[in-house]
Amino acid sequence: SSGINAEYGDDYYEKEKIELYDSEYDVLINSVKVSEAEPCFDMLFASTALISYPDYVFLRSILQRPDDLSVKSFQMLDLDLNGFISLDEYYSLCKMFTKDDEGDPKKHLKTTLRVLLYDHTDDEKITQQKFEQLLKDVQTNCLKAEFNRYRQRENKPDMISVQGFMRAVLRRTKVTPIQRARFIDKSEVYSELDAISLDQFKSMITLLNNFSDFEVAVRMYQIAKKPLAREVFKRAAFICSGENIDDEIVDILFYIFDEAGDGHLSHSEFVNIMKEMETNVASQKSGNHTIGQYFRKCVRNEMIRSYA
């Protein structure tokens, strides 16, 4: 036995840990097909994909990032700033999450992600274009997986309920259990729409991932102590995320979060709730620097130290 652990299974919650023999590992790695044209990372989400813990931490760290942060993320990994992320630079990050101190990265066991990024020969390099495609494919597949958690299995198999939609939105916030229960209860009695599509779900999550920009766009209404009307909400959402939020989704949000019942959203009713998903990292301050800035500086210094 090779002692390589993998997780297998289609059910989101129930994963069966299996142990692969060397021959089975070789078959799975050799089956990874690298696109010679446009890079594609959908295979990372196949049941045969082999993902290491450092791979997982890396992928997790680039999730839920607005598109304009992809350049900064790429530069964090590109230690010598030559426009490429080499295998050595990638494993300088991996050393932070493992006790394996082998000097030569090529001695590490190959994973599906490594092959997709560097080919079977390890001769490829990650360009900015490939990195952005990785971000896009990972985020798209994770959205689909999350959508499928709430998918209706009977009359509308490709849709999710309003309750499932609200659960997905609220899990990105830090609302209290009492608030969460109240919002879910309201979604259960909403009768204007009974199902939500993947495209509608994706547009809303994209807005949440760019919510700091949305908050800035509507700040003038907060200063003037004016609530948000539907047309203002839609315009700000498009400007900040590039997504046209459907009227049906806007109606749901106003129904759920308009606790005053005046047909508008106040700053406290919506913005304060949604922005709490970013306060842990981006908004906590220490002195003149945010904790996020200290974290990025620490990570970069550690990576440079490992790479040296």
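Once a new chain begins, its residue numbering starts again from 1 and follows that chain's sequence as written. The model is predicted, so local features are restricted to residues of pLDDT at least 70 and side-chain atom pairs to those at 80 or more, both for listing and for counting; the totals for chains, interfaces and linings are taken over all residues. Only heavy atoms go into the side-chain values, all of them from the structure, while hydrogens and water stay out.

**Here we look at the overall build of the protein**
Point 1. Starting at the N terminus, helices and strands are each numbered in turn, a helix being any DSSP run of H or I of at least four residues and a strand any DSSP run of E of at least two. Each helix and strand counted, the protein has 16 helices and four strands in total.
Point 2. Note on exposure labels: buried denotes an accessible area under 20% of the residue type's maximum, exposed denotes more than 50%, and partly exposed covers the range between, all computed with a 1.4 Å probe on protein chains only. Burial analysis of the protein (308 residues in total) assigns 41% to the buried set.
Point 3. Here the analysis covers contacts within the protein between residues at least 6 apart in sequence; of these, 62% occur between residues at least 24 apart. Contacts are assigned to residue pairs with any non-hydrogen atoms lying within 4.5 Å of each other.

**Focus on the pattern of salt bridges**
Point 1. Should a side-chain nitrogen of Lys or Arg be within 4 Å of a carboxyl oxygen of Asp or Glu, the pair is scored as a salt bridge. Under the definition given, this model contains six salt bridges.
Point 2. Among the ionic pairs, Arg 172 bridges to Glu 146, the shortest N-O distance being 2.8 Å. In this pair, Arg 172 is assigned in the loop between helix H7 (162–170) and helix H8 (177–188) and Glu 146 in helix H6 (residues 128–149), connecting sequence segments 26 residues apart.

**A short note on a nonpolar patch on the surface**
Point 1. Together, Ile 51, Tyr 53 and Tyr 56 make up a nonpolar patch on the protein surface, roughly 330 Å² of accessible area in all.
Point 2. Mapping Ile 51 onto the fold places it in the loop between helix H1 (22–30) and helix H2 (53–61).
Point 3. Since its relative accessible area comes to 34%, Ile 51 is described here as partly exposed. The patch calculation keeps residues exceeding 30% relative accessible area without a salt bridge and links them within 9 Å when they carry like charges or within 5 Å when they are nonpolar (Val, Leu, Ile, Met, Phe, Trp, Tyr). Residue exposure ignores everything except the shown protein chains as possible cover, and the areas themselves are Shrake-Rupley values with a 1.4 Å probe.

**Regarding the nonpolar core**
Point 1. Counting residues in hydrophobic clusters, the biggest one holds 43 residues, and the most contacted among them are Phe 165, Met 204, Phe 214, Phe 233, Ile 252, Phe 257 and Phe 270.
Point 2. Looking at this core, the elements with two or more residues in it are H6, H7, H8, helix H9 (198–209), helix H10 (211–217), helix H12 (230–241), helix H13 (247–257) and helix H14 (267–274).
Point 3. At seven residues, H13 tops the list of elements feeding residues into this core. Residues belong to a common nonpolar core when they are buried Ala, Val, Leu, Ile, Met, Phe, Trp, Tyr or Cys residues joined through side-chain atoms within 4.5 Å.

**Regarding the packing of aromatic side chains**
Point 1. The pairing test for Phe, Tyr and Trp rings, Trp by its six-membered ring, is centres within 6.5 Å, and the orientation test on the planes gives stacked under 30 degrees, edge-to-face over 60, and tilted for anything in between. This model, assessed by the stated rule, comprises 13 aromatic pairs.
Point 2. Centroid distance Phe 233 to Phe 270: 5.5 Å. Interplanar angle 65 degrees. Geometry classified as edge-to-face. With Phe 233 in helix H12 and Phe 270 in helix H14, the pair connects residues that are 37 residues apart, well separated along the chain. Across this residue pair, the class does not change: Phe 233 and Phe 270 are buried.
Point 3. Sitting over the ring of Phe 84, Lys 125 keeps its end group 5.8 Å from the ring centre. Counted as over-ring charges are cases with an Arg CZ or a Lys NZ within 6 Å of the ring centre that also lie within 35 degrees of the ring normal.

**Focus on H6**
Point 1. Helix span, as expected, comes to 1.5 Å for every residue beyond the first. For H6, spanning 22 residues, the distance from its first C-alpha to its last is 32 Å, which sits close to the expected 32 Å at 1.5 Å a residue.
Point 2. All of the buried residues in H6 are Lys 130, Phe 131, Gln 133, Leu 134, Leu 135, Asp 137, Val 138, Gln 139, Asn 141, Leu 143, Glu 146 and Phe 147.
Point 3. The secondary structure elements touched by the buried residues of H6 are H2, helix H3 (70–77), helix H5 (112–118), H7 and H9.

**A few points about H9**
For an α-helix the count is 3.6 residues per turn, leaving residues at separations of three or four pointing the same way.
Point 1. Taking 1.5 Å of rise per residue, twelve residues should cover 16 Å, and H9 covers 16 Å from first to last C-alpha, within 8% of that figure.
Point 2. H9 sits mainly inside the fold: nine of its twelve residues count as buried.
Point 3. The inward-facing, buried residues of H9 abut H6, H7, H10, H12, H13 and H14.

**Notes on the side chain of Arg 172**
Point 1. Using a relative accessible area of 10% as the deciding quantity, one classes Arg 172 as buried.
Point 2. Here Ala 168 takes part through its backbone oxygen, which lies 3.0 Å from a polar atom of the side chain of Arg 172. Counting of polar contacts relies on pairs of N or O atoms within 3.5 Å, with two restrictions inside protein: one atom must be capable of donating a hydrogen and the other of accepting it, and residues adjacent in sequence are counted only when both atoms are side-chain atoms.

**Brief notes about the side chain of Thr 112**
Point 1. Relative to the helices and strands, Thr 112 resides in helix H5.
Point 2. At 2.8 Å, the side chain of Thr 112 and the backbone nitrogen of Leu 50 are in polar contact.
Point 3. Those residues in contact with Thr 112, other than ones at most four positions away along the chain, are Ile 29, Val 32, Met 43, Leu 44, Ala 49 and Leu 50.

**Section: the confidence of the model for the protein**
Point 1. Confidence of the prediction at every residue is given by pLDDT, a number between 0 and 100. A residue-level look at the protein finds 77% of positions with pLDDT of 70 or above and a mean pLDDT of 79.
Point 2. Mean pLDDT across the elements of the protein bottoms out in strand E1 (residues 4–8) (38) and peaks in H13 (94).
Point 3. Predicted confidence for residues 1–14 stays below pLDDT 50, and this span has 31 contacts to residues more than four positions away or in other chains.
Point 4. Note that pLDDT drops below 50 for residues 279–292; the model gives that stretch 13 contacts with residues more than four away or on any other chain.

**Structural notes on the packing of H7 against H8**
Point 1. Helix axes are fitted only over the stretch in contact, all axes being lines through C-alpha atoms; the angle between N-to-C directions runs from 0 to 180 degrees. Between H7 and H8, the least distance of the axes is 8 Å, while the angle of their chain directions is 155 degrees. Considering the angle they form, H7 stands roughly antiparallel to H8. Between H7 and H8 lies a crossing whose hand is right-handed. Two secondary-structure elements touch here, H7 through Val 162, Gln 163, Met 166, Arg 167 and Leu 170 and H8 through Arg 180, Phe 183, Ile 184, Ser 187 and Glu 188.
Point 2. Looking at the contact of H7 with H8 residue by residue, the class counts come to five nonpolar, two polar and three charged. Roughly parallel means an angle under 35 degrees; roughly antiparallel, over 145; roughly perpendicular, 65 to 115; everything else is oblique. If you view the pair so one helix is near and one far, a crossing is left-handed when the near helix is turned anticlockwise from the far one by less than a right angle, and right-handed when it is turned clockwise. Under the scheme applied here, ten amino acids are nonpolar (Ala, Val, Leu, Ile, Met, Phe, Trp, Tyr, Cys and Pro), four are charged (Asp, Glu, Lys and Arg), and all others, including Gly, are polar.

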